[in-house]
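Chain by chain, the residues run as shown.
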Amino acid sequence: MTYLDLSAIGLRYGDNVILDGIDLSVEQGEMHVLLGPSGCGKTTLLRSIAGLVQPDRGAIHLAGRAIEMLHPKDRGIGMVFQHYALFPNMTVRQNLAFGLEQRRLVRKVIDEKIDAVLEIVSLQNKADARPRQLSGGQKQRVALARALVLEPSLLLLDEPLSALDAQIRKRLRDELKRIQRRTGLTSILVTHDQDEALSLGDRISVMNNGRITQTASGPEIFYRPADLFVAKFIGNANILTAAEFSRLIGRDFDQTAIIHPHVFKIGKASEGSNLFEVAATVVETVAAGNVVRYVMQANGIMFNVEAQSAMNEECLAAGTGTTLSINPSNGHFLKEN
Amino acid sequence: MSHHASPAMKLLAAPFLLMLAALVVWPLATVLIDSFSKGGVWSLGNYAEILTSAYYGQSFVNSLLISAVTTAIGVLFGFLIAVSLRYRSGGTRRIAMALANIGANLAGVPLAMALIFLLGLNGTLTIVLKASGLIGSFNVYSLTGLIIAYCYFQIALAVLLIIPVLDGIETELEEAASLIGVGTTRFWLRVGLPVVGRQMVAITTLLFANAMGTYATTLALTGTSVNVITIRISELVSGDVFSDPNLANAIAIALFLVLLVPIVVSQLLLKGDKR
């Protein structure tokens, strides 16, 4: 059942169309990711749901209730900001208590709720610290706790990991996923990082120029992008025009081919299969841990190939000739305009 | 790199130190030394006179009163105006900043003249208010008149100083507060003001000192009729009848000490509140 429903959300500033008729349904308990390049409207869409931006048109229903005209505080939505937005003059506990006090709860209840949430984000021992005494990752966990403690019906996360350095980002990403699973809280996360989107999102909406280009599960978006924009934005697939692909396989073909580097298999196809075989030359070799990345050339077409590396196996040196086999059912094809 | 500058680098500060000595240390030292000279002999007589004279005592009380009231009004309205300008577009902000800039610098004779035209015995506003029966009579050449005049530049100066301070509070903080159900007033009382508390104390001290030292506006509006400290000093320095520059020096030192009090107190307060 649809839990959050956006229909025809539109917003323009002067001649600039920021949101161009967005329709989106999010299921209860889902972690939904809005993914797109900067300026695509993803943050504005998130802020519209929160009520921090008022769209020109469109309707927003949350749990069956129309909320588009409500004040942010009445929407029952929690939000985590990119730069934490913690109240710097308050301790962690006071930050969490601020919203609860507004609800006129008894002190004891407030303390219990705060302790429970601090346990979820593993910050029990930081309750009396001030924001400036915390690391970036800890700050963001406090921000998450501040949103969770009010038991919102929807959690919005605006690039929550992008201000953190790589190590912390990965750890907090996993923790975010765990917390979201544990609380079962319907969440929408905005990011421009495809890895983050693929590893966090139950479903992903790819946005471009104020529109949603495709909404689907991570694997679906990854392997079956709806158009060239999504294909280019997600992953590092080889995108070959019909002409290029025809030359590569030596056969007439009328669609753009999207072939991930790991889809190419090094070695001959087994006897009797319907795989294509291509004679290729290695142009460049990069051994990066468990994978080897090759740039190869065949019939005048350059493309990327990725293979698993093994401990006792040499990778192909540049200049080596090899045979590649391609299973067309592992590629994705788009009609050319 | 070393944190200690080499002797050659230290020499670069010499022109500044020389200027400081010539423009601050030397005059201040002269004033201080001369303040202990009464009738050509060394004594504490000038200070004794200030402390025992009801007349000079009153001038201090009046100056302190006007300064405290106009500082309070300036900070309050300056803060409210600066907060409301936060929610306005760039255009409105720029116009308000320009007006505040004019206000903060329009002191002295032009301000006094403007007030006389508006609120003088035959001022436009006085006549209108009298005709409408709202006031019986109003005398702008009074302590109240001075408070109105000072407020004009105190509020403008406060707006100019507070706007950039409030820019230090990210709008995300306000948004976060509104999402957890905290209203604007509560946000400013619990988060906004405490966050900029140090700067607000500094601005308050500056406004207070600004008011205590105001001379041109006072002289232009009320002449010597309202007994405030700066008028007394000028009278003793340039007066034909009561000229006593060394007594003026002593009053200036006393004024300096009075101004030192809020500065020291605010520094101590802030020390206890090291965040």
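Residues numbered from 1 in each chain as written. Chains lettered and ligands numbered in written order. Predicted model: local features only at pLDDT ≥ 70, side-chain atom pairs only at ≥ 80, totals over all residues. Heavy atoms only, no water.

Caption draft 1: Structural detail: the overall build of chain A. The number of helices and strands found in chain A is 9 helices and 18 strands. Projecting the C-alpha coordinates of chain A onto the three principal axes gives extents of approximately 75 × 50 × 35 Å. Considering only contacts within chain A whose residues lie at least 6 apart along the sequence, 64% involve residues at least 24 apart. With an accessible surface of roughly 15900 Å², chain A has 47% of that area assigned to carbon and sulfur atoms. Within chain A, the 37 negative side-chain charges are centred at a point lying 7 Å from the centre of the 37 positive side-chain charges. (Helix = DSSP H or I, 4+ residues; strand = E, 2+ residues; numbered from the N terminus. Contact = heavy atoms within 4.5 Å. Areas by Shrake-Rupley, 256 points an atom, 1.4 Å probe, with all protein chains shown as cover. Lys, Arg positive; Asp, Glu negative; His and termini not counted. Charge placed at Lys NZ, Arg CZ, Asp CG, Glu CD.)

Caption draft 2: A look at the pattern of salt bridges. Summed over all chains, the structure comprises 24 salt bridges over all chains. Lys 108 of chain A is the partner of Glu 112 of chain A in a salt bridge, and the nearest nitrogen-oxygen pair spans 3.2 Å. Of this pair, Glu 112 of chain A and Lys 108 of chain A both sit in helix 3 (residues 107-120), 4 residues apart, roughly one helical turn. Glu 174 of chain B serves as the salt-bridge partner of Arg 86 of chain B, at 2.6 Å between the closest nitrogen and oxygen. (Salt bridge = Lys/Arg side-chain N within 4 Å of Asp/Glu carboxyl O.)

Caption draft 3: Representation of the interface of chain A and chain B. Counting residues at the interface gives 24 residues for chain A and 19 residues for chain B. In total, about 2000 Å² of surface goes out of reach between chain A and chain B, with carbon and sulfur atoms giving 65% of it. Sorting the residues of chain A by area buried against chain B places Asn 89, Phe 98 and Gln 102 of chain A first, and these three jointly supply 26% of that buried surface. The interface formed by chain A and chain B contains 3 salt bridges. Arg 186 of chain B is the partner of Glu 101 of chain A in a salt bridge, and the nearest nitrogen-oxygen pair spans 3.7 Å. (Buried area = accessible area lost by both parts, 1.4 Å probe.)

Caption draft 4: Spatial organisation of the UniProt feature "transmembrane region" (unreviewed entry) in chain B. Residue and element names in this part refer to chain B. UniProt marks residues 12-33, 60-83, 95-120, 140-166 and 247-270 with the feature "transmembrane region" (unreviewed entry), using the numbering shown here. Span residues 12-33 is 91% helix and 0% strand, its end C-alpha atoms 31 Å apart. Between the first and last C-alpha atoms of residues 60-83 the distance is 34 Å; the span itself is 100% helix and 0% strand. (UniProt positions renumbered as here; feature names shortened; annotations may be inferred.)

Caption draft 5: Layout of the sheet that holds strand 4 (residues 57-62) of chain A. Residue and element names in this part refer to chain A. One open sheet accounts for 4 strands, arranged 2-1-4-5; its pairing is antiparallel. Looking at which strands have only one partner, the edges of the open sheet turn out to be strand 2 (16-27) and strand 5 (65-66). Here 9 bridges tie strand 1 (residues 2-13) to strand 2, and the two strands are oriented antiparallel to one another. By the bridge assignment for strand 2, Arg 12 is matched with Val 17. (Pairing = 2+ DSSP bridges.)

Caption draft 6: Up close: the packing of aromatic side chains. Applying the stated criterion across every chain, the model contains 12 aromatic pairs over all chains. Relative to Phe 333 of chain A, the ring of Phe 245 of chain A has its centre 5.8 Å away and its plane inclined at 55 degrees; by these criteria the two rings are tilted. You can see Phe 245 of chain A sitting in helix 9 (residues 242-249) and its partner Phe 333 of chain A sitting in strand 18 (residues 332-335), a full 88 residues away along the chain. Taking the centre distance of 5.6 Å and the plane angle of 50 degrees together, the rings of Tyr 55 of chain B and Tyr 56 of chain B count as tilted. Of the residues examined, Tyr 56 of chain B reaches a relative accessible area of 9% and is grouped as buried. Cation over ring: Arg 146 of chain A sits above Phe 87 of chain A, and NZ or CZ is 4.7 Å from the ring centre. (Phe/Tyr/Trp six-rings, centres within 6.5 Å; stacked < 30°, edge-to-face > 60°. Buried < 20%, exposed > 50% of the residue type's maximum accessible area, 1.4 Å probe, protein only. Lys NZ or Arg CZ within 6 Å of the ring centre and 35° of its normal.)

Caption draft 7: Region of the structure containing the confidence of the model for chain A. Mean pLDDT for chain A: 92, with 99% of residues reaching 70 or above. No element of chain A has a lower mean pLDDT than strand 13 (residues 265-266) of chain A, at 89, and none a higher one than strand 3 (residues 31-35) of chain A, at 97. (pLDDT = per-residue confidence, 0-100.)

Caption draft 8: How the structure looks around the sheet that holds strand 11 (residues 238-240) of chain A. All names here are of chain A. Read across the sheet, 3 strands follow the order 11-12-18 without closing on themselves; strand pairing throughout is antiparallel. Each edge of the open sheet carries a strand with a single partner, namely strand 11 and strand 18. Averaged over all pairs of adjacent strands, the angle between their axes in this sheet comes to 20 degrees, without regard to strand direction. Inspection of the sheet shows strand 11 paired to strand 12 (residues 255-259) by 3 bridges, in the antiparallel sense. Residue pairing for strand 12: Ile 239 is matched across the bridge by Ile 258. Sheet contacts for helix 9: strand 11, strand 12 and strand 18; angle to strand 11, the most-contacted strand, approximately 100 degrees. (Axes fitted to C-alpha atoms, helices over the stretch in contact; angles between N-to-C directions.)

Caption draft 9: Expanded view of unusual backbone geometry. All names here are of chain A. Residue Tyr 84 is not a glycine yet carries a positive backbone phi of 70 degrees. Here Tyr 84 lies in the loop between strand 6 (77-80) and helix 2 (92-102). The exposure class assigned to Tyr 84 is buried, which follows from its relative accessible area of 13%. One non-glycine residue, Asn 209, adopts positive backbone phi at about 50 degrees. You can see Asn 209 is positioned in the loop between strand 9 (203-208) and strand 10 (211-216). Its relative accessible area of 57% is what places Asn 209 among the exposed residues.

Caption draft 10: The arrangement of the UniProt feature "domain: ABC transporter" (unreviewed entry) in chain A in detail. This chain's UniProt record puts "domain: ABC transporter" (unreviewed entry) on residues 1-234 of chain A. When the span residues 1-234 of chain A is considered, its composition is 36% helix and 27% strand, and the gap between its end C-alpha atoms is 28 Å.

Caption draft 11: Spotlight on a nonpolar patch on the surface. All names here are of chain B. On the surface, Phe 16, Leu 17, Met 19, Leu 20, Leu 23, Val 24 and Val 25 cluster together to form a nonpolar patch covering roughly 670 Å² of accessible area. Within the fold, Leu 23 resides in helix 2 (residues 14-34). Note on Leu 23: relative accessible area 60%, which makes it exposed. (Patch = residues over 30% accessible without salt bridge, like charges linked within 9 Å, V, L, I, M, F, W, Y side chains within 5 Å.)

Caption draft 12: Geometry of the packing of helix 4 (residues 54-86) of chain B against helix 11 (residues 197-212) of chain B. All names here are of chain B. Here helix 4 crosses helix 11 at 140 degrees, and the two axes come no closer than 8 Å. Between helix 4 and helix 11, the angle is such that the two are oblique. The way helix 4 lies across helix 11 gives a crossing that is right-handed. Here Ser 63, Leu 64, Ser 67, Ala 68, Thr 70, Thr 71, Gly 74, Val 75 and Phe 79 of helix 4 lie close against helix 11, whose contacting residues are Met 200, Thr 204, Leu 207, Phe 208, Ala 211 and Met 212. Taken together, the residues of the contact of helix 4 with helix 11 break down into 9 nonpolar, 6 polar and no charged. (Parallel < 35°, antiparallel > 145°, perpendicular 65-115°, else oblique. Left-handed = near helix turned anticlockwise from the far one by under 90°. Nonpolar A, V, L, I, M, F, W, Y, C, P; charged D, E, K, R; others polar.)

Caption draft 13: Structural context of the UniProt feature "domain: ABC transmembrane type-1" (unreviewed entry) in chain B. In the numbering adopted here, UniProt assigns the feature "domain: ABC transmembrane type-1" (unreviewed entry) to residues 60-266 of chain B. Between the end C-alpha atoms of residues 60-266 of chain B there is a gap of 21 Å, over a span that is 78% helix and 0% strand.

Caption draft 14: Layout of the environment of Ala 269 of chain A. All names here are of chain A. Assignment of secondary structure puts Ala 269 in the loop between strand 13 and strand 14 (276-288). Spatially, the C-alpha atoms of Ala 269 and Thr 281 are 17 Å apart, while their sequence positions differ by 12 residues. Sequence-distant contacts of Ala 269, defined by excluding residues within four places in its chain, comprise Leu 275, Glu 277 and Ser 325.

Caption draft 15: How the structure looks around the side chain of Ser 178 of chain B. As for its position among the elements, Ser 178 of chain B is in helix 9 (residues 171-179). Sequence-distant contacts of Ser 178 of chain B, that is, excluding residues within four places in its chain, are made with Leu 52, His 71, Pro 72 and Lys 73 of chain A.

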